[in-house]
Amino acid sequence: YLQDLDSHLIASNLIEANKLNTASFPILIIEDFGTSGLDGETREDGRFISDSGNFNGFWWCEGKSQKSGKERGRWGLGKTTFHVASQLRSFWGLTIRRDDNRQLLMGKALLKTHSIKDKTFLYYGYYADNGYKPILNSSDIEKFKSIFKVDRNAQPGLSLVIPLPNLEINAQEIKKAVIIHYFYAILKGTLEIRIKNNGNFDEINSNNLISIATLINWQKTSWEKTEVNEFLTFISASINNKETHEIKIRDDSNPQINEESFNGKLEEFRELLNSGQLLPFRIPVSITEIGKATQKSFFDTYIQKFAKLSKPDEYYIRSGINISDYKALPSASPVRALLIAEDDEITNFLGDAETPAHTDWNDR
């Protein structure tokens, strides 16, 4: 699988000669289930005209995405992390597509522009059939699945095989990362994670996330100073909350939250907050895209006072993604707060305002 790649890796100064001449080396496999796979056009007809569809977007377009609305990506850059995760800057992808149930196999390397024997090569290369077509031969695909221990059989989705992952990528660090970035989706029950490592098997789901996270050493992570059990219990309580208080906005042209917005219950809410009760609110918003009609939407907030906090512990979730760098509360507020945006119009707006890493909202 690497025999045509090694000389290009050497010429790009990514590996030393003969480093790949070993019986075995580590691989990282990432598989998603319950998804649609890489659907859409595949360029099997030899045409390179249309760039529509997830298959083309994934394999052929950097800095371009097919995603919008509630979908999580936007910039078309997330897939480049699979290259960066590999010391060989390469990976393979096997997809089974929900739209036509076909199995398609390809691979891609992103190296550097380089020369071999006075011949200059571009920075990218593909593991593909003639004419850059995906590999369709069933025996070739079954061999690939067997060699790399891919679990996917007939289920739609995408399986990625990343050779020689960087040394800092291991089962424990993966566990920490998925919890930090996807605690909300896991606690809500829309995402389950299974991590397999040399015969060891860990499953992270809504039932065991809090107990697993409580036992992890979070030093040298963004959760190093977080009361993890207390924080995740707050998130879980917010998710499972069945009531909400709807804030009233009197003037869409000049939207403000003031005392009237609380329907005469402001003092009651203050007392509940000071007593440590969880307060849920739904905030209506009007969104106007230039040249289009105004759309009504909303987001939900949850706030609870914790007297021992010296600063706010705040979290912002858009379509299950934790927007980790965005902060809005005054620095002296001793509260935990959660904002959840899941309605179509608000998630479309916020998704388009996100930075490439999906860690912040840019008001410009």
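For the structure, check the block above.
1. Concerning the side chain of Ser-319
Moving on, step 1. Following the sequence through the fold, Ser-319 ends up in the loop between β13 (313-318) and β14 (321-322).
Moving on, step 2. Polar contacts involving the side chain of Ser-319 include one to the side chain of Arg-318, which spans 3.5 Å.

2. Describing the nonpolar core
Moving on, step 1. One finds Ile-179, Phe-183 and Trp-223 to be the most contacted residues of the largest nonpolar core, which totals 25 residues.
Moving on, step 2. Broken down by secondary-structure element, the contributors of at least two residues to this core are α5 (171-188), β8 (193-197), α6 (209-215), α7 (228-240), β13 and β15 (335-341).
Moving on, step 3. The leading source of residues in this core is α5, at seven residues.
Moving on, step 4. Those residues in contact with Trp-223 that lie beyond four places of it in its chain are Ile-179, Ile-180, Phe-183, Trp-218, Val-228, Phe-231 and Leu-232.
Moving on, step 5. Counting residues in hydrophobic clusters, the runner-up holds 18 residues, among them Leu-9, Leu-88, Ile-141 and Phe-148.

3. Regarding unusual backbone geometry
Moving on, step 1. Notably, Asn-13 is not glycine yet its phi reads approximately 60°, a positive angle.
Moving on, step 2. Using a relative accessible area of 66% as the deciding quantity, one classes Asn-13 as exposed.
Moving on, step 3. One non-glycine residue, Ser-319, lies in the positive phi region at around 55°.

4. Observations regarding the packing of α5 against α7
Moving on, step 1. In contact at an axis separation of 10 Å, α5 and α7 are set at 45° when each is read in the N-to-C sense. In terms of axis orientation, α5 runs oblique to α7. Judged by the sense of rotation from one axis to the other, the crossing of α5 with α7 is right-handed. Across the interface between the two elements, Phe-183, Tyr-184, Leu-187 and Lys-188 from α5 touch Phe-231, Leu-232, Ile-235, Ser-236 and Ile-239 from α7.

5. Side note on the sheet that holds strand β11 (residues 279-287)
Strands in a sheet are paired, the pairing made by backbone hydrogen bonds, and the direction either parallel or antiparallel.
Moving on, step 1. Strand order in this open sheet of six strands is β10-β11-β12-β15-β13-β14, and the pairing throughout is mixed. Whereas interior strands pair on both sides, the edge strands pair on one side only; in this sheet they are β10 (245-246) and β14.
Moving on, step 2. In this structure, β13 lies alongside β15, joined through six bridges in parallel fashion. Looking at β15, one finds that Tyr-316 is bridged to Leu-339.

Calculation rules
Residues numbered from 1 in each chain as written. Predicted model: local features only at pLDDT ≥ 70, side-chain atom pairs only at ≥ 80, totals over all residues. Heavy atoms only, no water. Helix = DSSP H or I, 4+ residues; strand = E, 2+ residues; numbered from the N terminus. Polar contact = N/O pair within 3.5 Å; in protein donor to acceptor, adjacent residues only side chain to side chain. Core = buried A, V, L, I, M, F, W, Y, C linked by side-chain atoms within 4.5 Å. Buried < 20%, exposed > 50% of the residue type's maximum accessible area, 1.4 Å probe, protein only. Contact = heavy atoms within 4.5 Å. Axes fitted to C-alpha atoms, helices over the stretch in contact; angles between N-to-C directions. Parallel < 35°, antiparallel > 145°, perpendicular 65-115°, else oblique. Left-handed = near helix turned anticlockwise from the far one by under 90°. Pairing = 2+ DSSP bridges.

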